[in-house]
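# Inside the fold
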Amino acid sequence: MGQGNAANHACSPALLIGSCAPFSGKSAVVLGLARQLLQRGVSVRLGKPLADSAEGSDPLIDDDVRFVGQILGLKDDQLVPSVHLKDAEAARARLLDGNLQPGAGFQRLQQQLQSSSEGLTLMEASGSLNDGRLYGLSLAQVAQGLQAPVLLVHAWDDSSSVEPLLAARDQLGQLLAGVVLNGVPPAQVTALRADVVPALERLGLPVLGVMPRSPLLRSVTVEELARRLDARTLCCPERHDLLVETLSIGAMNVNSAMEFFRRRRNMAVVTGADRTDIQLAALEASTQCLILTGAGEPLPQLISRAEELEVPLLKVDHDTLTTVGVIENAFGQVRLHESVKATYAFRLVEEHCDFERLFSRLRLPVPA
């Protein structure tokens, strides 16, 4: 990809935000980081070298980039066009041609960054360390081609979670500027900061944030669940924007169900179409949508009560087990495209990240 030549160019400040695995929380960190930069008086541009989706976009602006730009109030000329769009047909053509170079679009990106004399360009990389290699746009390739430092956002489960970070460190070398650990169980945040963070620092992994797991950021809209389940909406389609944070399965007796439902919040309840007792109990709890499985149709009084309480009813053809699997896969694997999530992301990053070392490395101005 012409990395040798690119490395000799002195690009204007650019920062890559990457991850070792998809859906690690990059967009939330981009939002929070961009807002801190704007508050310091630093002008911000946003881009994604390899777009995941770009509906009707000319120039090619990734949908995530456009959403974040709108939330931050950026102008169109502050959104940097992508080099390529990730697409199955394009990937096949590149594979058959043996074409692994990013091409002229990447050279234009290099030139655009070199000609930008002020501010910082935040570039969101693809989902994992190796995503985009077919396009010549993997995290390490873009970082080396732009000579841009990298901030990694990494989902943390336990100590074995360090292994992908070590692989990233070895690939990126001196370009690795810091790590934000995300999705940490809230009860473990303090202990992690006390012993794991110093250990990571000793391994050459500067930790700039430890963010607790957020049910809200992992939540999914009723509309997205309906799309993934290919469901029929029986009432309240105007409430498809409700956010679902938890999943409950209504398979117990009604007394147990009512007690269980009281302890949950913002849930989707999956139950058989014939379990009217469970369905009515769910409607009285913190239910964002009720998903009915199996044969048969719900009773008219159920639909009437759901309309009164403005709870969407979805009917699916799948069995309960399949339905639950689809919903569980949806949590944490949706784009950050709701303003309420963006507002929460601002607060989460502000409270749990400290970017001063990063700002110093980027030679950004110190706020007055």
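This section reports on the structure supplied with the text. What you see is a predicted model, and the numbers here were worked out from it, not measured in a lab.

About the cut-offs
Residues numbered from 1 in each chain as written. Predicted model: local features only at pLDDT ≥ 70, side-chain atom pairs only at ≥ 80, totals over all residues. Heavy atoms only, no water. Helix = DSSP H or I, 4+ residues; strand = E, 2+ residues; numbered from the N terminus. Contact = heavy atoms within 4.5 Å. Pairing = 2+ DSSP bridges. Axes fitted to C-alpha atoms, helices over the stretch in contact; angles between N-to-C directions. Buried < 20%, exposed > 50% of the residue type's maximum accessible area, 1.4 Å probe, protein only. Expected span 1.5 Å × (residues − 1). 1 Å grid on protein atoms, 1.4 Å probe; cavity = no way out; pocket = protein on both sides within 12 Å on 5 of 7 lines; lining within 4 Å. Points joined across faces, edges and corners; volume = space filled by probe spheres on them. Nonpolar A, V, L, I, M, F, W, Y, C, P; charged D, E, K, R; others polar.

## Quick notes on the environment of His352
- Counting through the fold element by element, His352 comes out in helix H15 (residues 339–352).
- In sequence terms His352 and Val210 are 142 residues apart; their C-alpha atoms lie 5.8 Å from each other.
- Apart from the residues lying within four places of it in its own chain, the contact partners of His352 are Arg193, Leu208, Gly209, Val210, Met211 and Pro212.

## Here's the deal with the sheet that holds strand E6 (residues 120–124)
- The strand order across the open sheet formed by seven strands is E4-E2-E6-E1-E7-E8-E9, and the pairing between neighbours is parallel. The sheet is open, and its two borders are formed by strand E4 (79–80) and strand E9 (207–212), each paired with just one other strand.
- Relative to E4, strand E2 (residues 44–47) runs parallel, the two sharing two bridges. When the sheet's bridge partners are listed, Gly47 is paired in E4 with Val80.
- Along the sheet, helix H3 (residues 63–72) makes contact with E2 and E4, crossing E2 at roughly 155°.
- Along the sheet, helix H8 (residues 189–202) makes contact with strand E8 (176–184) and E9, crossing E9 at roughly 150°.

## Some points on the pairing of strand E1 (residues 14–18)
- Counted residue by residue, E1 has five buried out of five residues, so it is predominantly covered.
- Residues Ala14, Leu16 and Gly18 line one face of E1 and the alternating positions Leu15 and Ile17 line the opposite face, and both faces are buried.
- Both E1 and E6 contribute to a ladder of four bridges, which runs parallel. Residue pairing for E6: Leu16 is matched across the bridge by Met123.
- Summarising the sheet, E1 and strand E7 (residues 150–155) pair through three bridges and their orientation is parallel. Bridge pairing in E7 links Leu16 to Val150.

## As for the pairing of E2
- Going residue by residue along E2, you find Val44 and Leu46 tucked away on one face and Arg45 and Gly47 tucked away on the opposite face as well.
- Summarising the sheet, E2 and E6 pair through four bridges and their orientation is parallel. Bridging across to E6, Val44 finds its partner in Leu120.

## Let's talk about H15
- Helix length check: H15 (14 residues) gives 20 Å between terminal C-alpha atoms against 20 Å at 1.5 Å per residue, within 8%.
- Among the residues making up H15, those that are buried are Lys341, Ala342, Ala345, Phe346, Leu348, Val349 and His352.
- Lining the buried residues of H15 we find helix H2 (26–39), H3, H8, E9, helix H9 (215–218) and strand E12 (243–244).

## Topic: the layout of surface pockets
- Size it by volume and the largest pocket reaches roughly 800 Å³.
- Around the largest pocket, the lining comprises 35 residues; the ones closest to its centre are Pro22, Phe23, Ser24, Gly25 and Gly332.
- Counting only elements with at least two residues in the lining of the largest pocket, the list comes to H2, E8 and H9.
- When its residues are assigned to classes, the lining of the largest pocket shows 13 nonpolar, eleven polar and eleven charged.
- Empty space within the second largest pocket amounts to approximately 340 Å³.
- Lining the second largest pocket are 14 residues; nearest its centre among them are Glu224, Val334, Arg335, His337 and Glu338.
- Of all elements in the fold, only strand E10 (220–221) and helix H10 (222–229) reach the threshold of two or more residues within the lining of the second largest pocket.
- Examining the composition of the lining of the second largest pocket, we find that three residues originate from one element, H10, more than from any other.
- A breakdown of the residues in the lining of the second largest pocket according to their chemical character gives two nonpolar, four polar and eight charged.

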